[in-house]
Amino acid sequence: MATMTAAQRREQARIEYDAFLKSCPTNQLLDRISDKWVSLVVAALAAGPMRYSDLGRKIAGVSPKMLTQTLRSLERDGLLTRTVTPSVPVRVDYELTALGRNLALLLTAVKDWAETHFDEVREARERYDAEETGEATGD
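None of these values were measured; they are calculated from a predicted model.

Draft legend 1. The arrangement of the overall build of the protein in detail. Broken down by element type, the protein carries six helices and three strands. Relative to the 2.2 N^0.38 estimate, which gives 14 Å for 139 residues, the radius of gyration of the protein is 21 Å and therefore markedly larger than a compact globule would have. Its C-alpha atoms put the protein at 65 × 60 × 25 Å along the principal axes. Looking at the protein as a whole, 24% of its 139 residues are labelled buried. In the protein, the share of contacts with a sequence separation of at least 24, taken over all contacts with a separation of at least 6, comes to 40%. Taken as a whole, the protein presents about 10300 Å² of accessible surface, with 56% of it coming from carbon and sulfur. When the 19 basic and 21 acidic side-chain charges of the protein are each reduced to a single mean position, those positions are 13 Å apart.

Listed below in structure tokens is the structure:
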């Protein structure tokens with residue numbers, strides 16, 4: 001049996017990625033990028049760099065703890081950079097990397113789709129709920 005180099009093993013693993021398998025790293029990445037806060041942070045940063053406080057104001061409902069965790073995970077994944085400027089108070093800016101900008105195209109499209117089609121989804125929900133209620137009552 002021939003020995004494979006590390007690069008060959010990585011390439012073989014890349015070919016064999018299957019996000020449907022829980023143990024596959026792409027499954028874990030999909031879990032990360034499908035998170036609501038990740039989607040909103042990436043979409044907000046698609047317009048350009050933002051400070052932490054600006055992101056907190058832009059993204060309604062995100063707690064400081066969740067925003068911090070989300071930003072750290074995105075930085076770890078190479079999707080954004082964090083720049084600290086020494087001042088009083090310290091200024092911290094976040095900006096998407098090239099990889100993050102690529103992802104932003106997709107996540108912004110999903111956000112735009114949700115904003116455009118929510119009325120249709122709401123109507124479908126109401127029809128479904130009315131049918132379920134009608135079946136339950138025997139109507």
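Draft legend 2. A look at the pattern of salt bridges. Summed over the entire model, instances satisfying the criterion amount to seven salt bridges. Taking the shortest distance from any N to any O, the salt bridge between Lys111 and Asp112 comes out at 3.2 Å. A salt bridge links Arg122 to Glu126, with the shortest nitrogen-to-oxygen separation between them at 3.4 Å. With a gap of four residues between them, Arg122 and Glu126 both fall in helix α6 (residues 98-137), about one helical turn apart. Owing to a relative accessible area of 44%, Glu126 belongs among the partly exposed residues under this scheme. A cluster of three or more residues bridged by salt bridges with shared partners is formed by Lys111, Asp112 and Glu115.

Draft legend 3. Main features of the sheet that holds strand β3 (residues 91-96). If you walk across this open sheet you meet the three strands as β1-β3-β2, and the pairing is antiparallel. Since the sheet does not close on itself, it has two edges, and those belong to β1 (50-51) and β2 (80-85), each with one partner. Of the strand pairs in this sheet, β2 and β3 are connected by six bridges, and their pairing is antiparallel. Counted as the bridge partner of Thr83 is Asp93 from β3. Contacts between helix α3 (residues 36-45) and the sheet are confined to β1, β2 and β3, with β3 contributing the most and set at about 95 degrees to the helix.

Draft legend 4. Representation of the pairing of β3 within the structure. Here β1 runs beside β3; their pairing, made up of two bridges, is antiparallel. Counterpart to Arg51 in the pairing with β3 is Asp93. Connecting the antiparallel pair β2 and β3 is a turn made up of five residues.

What counts as what
Residues numbered from 1 in each chain as written. Predicted model: local features only at pLDDT ≥ 70, side-chain atom pairs only at ≥ 80, totals over all residues. Heavy atoms only, no water. Helix = DSSP H or I, 4+ residues; strand = E, 2+ residues; numbered from the N terminus. Rg over C-alpha atoms; globule rule 2.2 N^0.38 Å. Buried < 20%, exposed > 50% of the residue type's maximum accessible area, 1.4 Å probe, protein only. Contact = heavy atoms within 4.5 Å. Areas by Shrake-Rupley, 256 points an atom, 1.4 Å probe, with all protein chains shown as cover. Lys, Arg positive; Asp, Glu negative; His and termini not counted. Charge placed at Lys NZ, Arg CZ, Asp CG, Glu CD. Salt bridge = Lys/Arg side-chain N within 4 Å of Asp/Glu carboxyl O. Pairing = 2+ DSSP bridges. Axes fitted to C-alpha atoms, helices over the stretch in contact; angles between N-to-C directions.

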